[in-house]
Amino acid sequence: MSNGSTRKHTALPKAQILVEALPWLTRHHGRTVVIKFGGNAMVNEDLKAAFAQDVVFLHHAGLRPVVVHGGGPQISAALDKHGIVSEFKAGLRVTTEDAMDVVRMVLAGQVQRELVGLLNQHGPLAVGLTGEDAHTITAIKHTPEIDGEPVDIGRVGEITDIDTGAIEALLADGRIPVVSSIARSQDDHHVYNVNADTAAAALAAALGAETLMVLTDVEGLYEDWPNSDEVISRLTASQLEKLLPDLSAGMVPKMEGCLHAVRNGVTTARVIDGRVQHSILLEIFTDEGIGTMVVPDEKPDEQQKQGKS
């Protein structure tokens, strides 16, 4: 086979892939997408690099990505190093004053810095902030109940307010905001540790984002786990609400976040497999779509329209 025809064969699929992306590029242009970075994608070097490429690609494709991150594994490691015991109650990390200092140091000083550095290998794009900056995220103390009894879990916050001013200013300036899930306190001079899934959902709603994407270490929401590994590819807010009581503990804040987002103006919320390289691009720019997509409930007038068509 001559060189020319080999070249033709290898180049054509690339062109087809780019063309397949065209309607999605058109649809998403100028839209804000909030991406919750977590799980394996956060610790595996290759996945981290691919994540940074994806986010920068979205930026250059005319979308406005905002990255939100927590740092469970990194926080646990740092607490161990400082001789502070990690304890979980009601699925949340008990956060003492000492632990909170470590959480803040790890999230803002380690995880966020690394992510900003990876993104900025591609240009002067990423700017890191925490929920403390410019009142971006405000919280009050979260007191969960176990068996009907309130339990004190320390400096864990419940989000009460979002101010998107700083993020909007960065987006308008062509930057990629990278937000650590720490909140300022509404009523004292401390800070709170907030769940990063919850923070991402609250920011997506407040920013009027087109899409919330949550990276996880599973393929999506399973139809009938553990009996089946069939992934539900699309469900409405009401369908999701019915499933919530039966979900595994780790999945609850992610799916509650998706539910909050689509009930508050976000067009789609997706849980995608962060163990797949470039899963973000696959999800946004191809027809295949991976993971589970949550959409708002149809309004009665939309159902009528569909009935007529």
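Residues numbered from 1 in each chain as written. Predicted model: local features only at pLDDT ≥ 70, side-chain atom pairs only at ≥ 80, totals over all residues. Heavy atoms only, no water.

### Examining the packing of aromatic side chains
In this description, a pair of aromatic rings is defined by centroid distance and the angle of the planes. Summed over all chains, the structure comprises two aromatic pairs. When the ring of Phe 57 is compared with that of Phe 285, the centres are 5.8 Å apart and the planes differ by 65°; the resulting orientation is edge-to-face. Pair noted here: Phe 57 is in helix 2 (residues 45–60) and Phe 285 is in helix 9 (residues 279–285), with a separation of 228 residues, a long-range link. According to the relative accessible area criterion, Phe 285 is buried, its value standing at 5%. Its end group placed over the ring of Tyr 192, Arg 155 keeps NZ or CZ at 4.2 Å from the ring centre. (Phe/Tyr/Trp six-rings, centres within 6.5 Å; stacked < 30°, edge-to-face > 60°. Helix = DSSP H or I, 4+ residues; strand = E, 2+ residues; numbered from the N terminus. Buried < 20%, exposed > 50% of the residue type's maximum accessible area, 1.4 Å probe, protein only. Lys NZ or Arg CZ within 6 Å of the ring centre and 35° of its normal.)

### Section: helix 6 (residues 196–207)
In this model, helix 6 (twelve residues) spans 16 Å end to end at C-alpha, consistent with the 16 Å of a helix rising 1.5 Å per residue. Taken across its twelve residues, helix 6 has ten buried, putting it largely inside the fold. Turning to helix 6, its buried residues are Ala 196, Asp 197, Ala 199, Ala 200, Ala 201, Ala 202, Leu 203, Ala 204, Ala 205 and Leu 207. For helix 6, the N-terminal cap is Asn 195; the gap from its side-chain oxygen to the backbone nitrogen of Asp 197 is 2.7 Å. Directly after helix 6, the chain includes Gly 208, whose backbone phi takes a positive value near 60°. (Expected span 1.5 Å × (residues − 1). Polar contact = N/O pair within 3.5 Å; in protein donor to acceptor, adjacent residues only side chain to side chain.)

### Side note on the nonpolar core
Ile 35, Phe 51, Leu 58, Val 67, Leu 119, Ile 280 and Phe 285 are the most contacted members of the largest nonpolar core, which has 44 residues in total. Of all elements in the fold, only helix 1 (3–28), strand 1 (32–37), helix 2, helix 3 (72–81), helix 4 (97–119), strand 10 (176–185), strand 12 (211–216) and helix 9 reach the threshold of two or more residues within this core. Considering each element in turn, this core owes the most residues, eleven residues, to helix 4. Excluding its chain neighbours within four sequence positions, the residues that come into contact with Phe 285 are Glu 20, Ala 21, Trp 24, Leu 25, Phe 57, Leu 58, Ala 61 and Leu 63. In this structure, Val 34, Leu 170, Tyr 192 and Val 214 belong to the second largest nonpolar core, which totals 41 residues. (Core = buried A, V, L, I, M, F, W, Y, C linked by side-chain atoms within 4.5 Å. Contact = heavy atoms within 4.5 Å.)

### A look at the packing of helix 2 against helix 4
Taken N-terminus to C-terminus, the directions of helix 2 and helix 4 make an angle of 60°; their axes are 9 Å apart at the nearest point. Overall, the two elements helix 2 and helix 4 adopt an arrangement that is oblique. Helix 4 is crossed by helix 2, and the crossing has right-handed handedness. Residue-level contacts link Glu 45, Lys 48, Phe 51, Ala 52, Val 55 and Val 56 of helix 2 to Glu 114, Leu 115, Leu 118 and Leu 119 of helix 4. Each residue belonging to the contact of helix 2 with helix 4 can be placed in one class, and the counts come to seven nonpolar, no polar and three charged. (Axes fitted to C-alpha atoms, helices over the stretch in contact; angles between N-to-C directions. Parallel < 35°, antiparallel > 145°, perpendicular 65-115°, else oblique. Left-handed = near helix turned anticlockwise from the far one by under 90°. Nonpolar A, V, L, I, M, F, W, Y, C, P; charged D, E, K, R; others polar.)

### Remarks on the side chain of Ser 181
Position of Ser 181 among the secondary structure elements: in strand 10. Contacts of Ser 181, omitting those with residues within four sequence positions, involve His 69, Gly 70, Leu 107, Tyr 192, Asn 193, Val 194, Asn 195, Ala 196 and Ala 199.

### Topic: unusual backbone geometry
The backbone of Asp 147 sits at a positive phi, close to 50°, despite the residue not being glycine. On the secondary structure map, Asp 147 appears in the loop between strand 7 (145–146) and strand 8 (149–150). Positioned with a positive phi, His 278 is a non-glycine residue whose angle comes to about 60°. Of note, His 278 is situated in the loop between strand 16 (268–273) and helix 9.

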